[in-house]
Amino acid sequence: MSSSAPLSARVERILAATPVHDIHTHLYDPAFSSLLSWGIDEQLTYHYLVSESFRQMDVPFDRFWSASKTEQADFIWNALFVEHSPVSEACRGVLTTLNALGIEPRKHDLASLRKWFAAWKPADFVERVLSLANVASVGMTNSPFDDEERAYWNANLPRDARFRGALRIDPLILGWTEAAPRLRRWGYAVGNELNQATADEVRRFLADYTRKYGASYCMVSLPPTLSYPAAGETAWLIDHAVLPHCRDHGQPFALMMGVKRAVNPLLRMAGDGVGRSDLTALQNLCSANPANRFAVTCLARENQHELVVLARKFRNLHPFGCWWFTNTPQLIEEITTMRLELLGTSFTPQHSDARVLDQLIYKWQHSRALIGRCLARKYETLEAAGWAVTDAEIQRDATELLGGGFARFCGL
Ligand code: HDL
Ligand code: ZN
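Residues numbered from 1 in each chain as written. Chains lettered and ligands numbered in written order. Predicted model: local features only at pLDDT ≥ 70, side-chain atom pairs only at ≥ 80, totals over all residues. Heavy atoms only, no water.

J.: So what's going on with the overall build of the protein chain? Residues and values would help.
T.: Across its full length, the protein chain holds 18 helices and 9 strands. Its C-alpha atoms give the protein chain a radius of gyration of 22 Å, near enough to 22 Å, the size a compact globule of 412 residues would have. The dimensions of the protein chain, computed from C-alpha atoms along their principal axes, are 60 × 60 × 40 Å. Within the span of the protein chain, comprising 412 residues, buried residues form 55% of the whole. Restricting to contacts in the protein chain with at least 6 residues of sequence separation, those with at least 24 account for 77%. (Helix = DSSP H or I, 4+ residues; strand = E, 2+ residues; numbered from the N terminus. Rg over C-alpha atoms; globule rule 2.2 N^0.38 Å. Buried < 20%, exposed > 50% of the residue type's maximum accessible area, 1.4 Å probe, protein only. Contact = heavy atoms within 4.5 Å.)

Shown next, in the form of structure tokens:
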């Protein structure tokens, strides 16, 4: 397509053709077979749809949770697709995914959809999805505290290099009382007292699992109440173990700020909520630790502008993603435009957070379209000021936004 083509079409073409490095998902290497989630029932029982379906059906919680995955999917399909229009982002995502896979959802009932998915070999389906989504790599969420996952790592299975490790350490820094005895059982001589000897052993634990899981960064999700500096175990472990570990390994510390866990425990994984964080904690982290790098996403819409302004003040702060409840077309456009207008291209607009492999298709089709729309609008204003962008420049920007900038920030 020549440069005389409409700008929006050039941007759309280049973004679609640029493989994305998805920096945060809950997907696993296909070798971790029981942990890799895929197929129509997994898509429909995604916790986003679970919470939405309870609003449209009067199934008692314990009746739902005691049902099979298939029956749960039946409940959800009926409540959100048959009895009501599937206009939510997560519902639309199922339809986008089926459509991209060549299925006309209106012409199928769940039984025939299940038959269609059952015909796939997992390895072939992985290739199909990664190709359709044009995803070059998938950042996993690897928790040393997840026993089922630990067993797969201990089995030393041949790994798919496209599935990249990331060390998830919520239990370590948010639940030290429960984590300390587990570290001791794993051979790390941490005491109950937070002193240098304990810090050294926590750092040895982080280094061992960074190496074992091939992690390119450490990540934690944080409550809106996080304060820093502060007394208490969380700030102490961050200061004395996590940040020195990240400096030793030249890795960023990834913070996902503002989650309120178990707002409604009856919804189980679907029961988490959002709270506005006091980003003074982030300001203090960036300011007090200039040799550390922080990749940060915030869950509250109200935190987005302050996060961007903080990123203007601290070059060791890299905003990323429209996370979870902000992963909607309206908020992706708002947040991405805000970031472009205040940070240029020095941020990472999206991660998928996919839990089900198939979701990579819709999460990236929807986000590429929105990122492209925001970018094209900015390029149009440049052209109006006499600065016509070339395809090569659009490609450079797309590569940076779709994971190249984050890779550089990670020192990869
Ligand atoms: O803590 C996280 O990484 C969140 O992404 C949660 O896993 C959440 O349940 C989720 O999947 N959000 O998209
Ligand atoms: Zn996540």
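J.: Help me get a handle on the pattern of salt bridges, residues and values and all.
T.: Applying the stated criterion to the full structure yields 25 salt bridges. Between Arg-373 and Glu-333 there is a salt bridge, with the nearest N and O atoms lying 2.9 Å from each other. Of this pair, Arg-373 sits in helix H17 (residues 359-384) while Glu-333 sits in helix H16 (residues 329-343); the two residues are 40 residues apart in sequence, bridging distant segments of the chain. Judged by its relative accessible area of 19%, Glu-333 falls in the buried class. With its nearest N and O atoms 3.0 Å apart, the salt bridge here joins Asp-397 to Arg-396. Several salt bridges converge on common partners, so that one network encompasses Glu-201, Arg-204, Asp-208 and Arg-211. (Salt bridge = Lys/Arg side-chain N within 4 Å of Asp/Glu carboxyl O.)

J.: Any chance you could break down the coordination of the zinc ion (ligand 2) for me, citing the residues and the numbers?
T.: Donor atoms from the polypeptide that bind the zinc ion (ligand 2) are His-24 (NE2), His-26 (NE2) and Asp-353 (OD), placed at 2.0 to 2.2 Å. Taken in sequence order, the residues that donate to the zinc ion (ligand 2) follow the motif H-x1-H-x326-D. Of this pair, His-26 sits in the loop between strand E1 (20-22) and helix H2 (40-44) while Asp-353 sits in the loop between H16 and H17, placing them 327 residues apart in sequence. Of the residues examined, His-26 reaches a relative accessible area of 17% and is grouped as buried. Residue classification places Asp-353 among the buried positions, given a relative accessible area of 7%. (Donors = N, O, S within 2.8 Å, 3.2 Å for Na, K, Ca; no water.)

J.: Residues and numbers for helix H7 (residues 110-118), please.
T.: Of the positions making up H7, those classed as buried are Leu-110, Leu-113, Arg-114 and Phe-117. Taken around the axis of H7, the buried residues stretch over an arc of 100°, which confines them to a single face. Contacts from the buried residues of H7 go to H2, helix H5 (69-82), helix H6 (89-100) and helix H8 (122-133). (Arc of directions from axis to C-beta.)

J.: So what's going on with the environment of Glu-380? Residues and values would help.
T.: Mapped onto the elements, Glu-380 comes out in helix H17. Along the chain, Glu-380 and Asp-239 lie 141 residues apart, while their C-alpha atoms are 45 Å from each other.

J.: Break down the site of ligand 1 for me, with residues and values.
T.: Taken together, the residues surrounding ligand 1 are His-24, His-26, His-47, Tyr-48, Arg-168, Ser-221, Met-256, Arg-261, Trp-323, Trp-324, Asp-353 and Arg-355. With respect to ligand 1, the side chain of His-47 contributes an N or O atom lying 2.9 Å from an oxygen atom. A distance of 2.4 Å separates an oxygen atom of ligand 1 from a polar side-chain atom of Tyr-48. Burial of ligand 1 by the protein chains amounts to 97% of its free accessible area of 330 Å². (Near = heavy atom within 4 Å. Polar contact = N/O pair within 3.5 Å; in protein donor to acceptor, adjacent residues only side chain to side chain. Areas by Shrake-Rupley, 256 points an atom, 1.4 Å probe, with all protein chains shown as cover.)

By themselves, these figures tell us nothing about what the structure is for.
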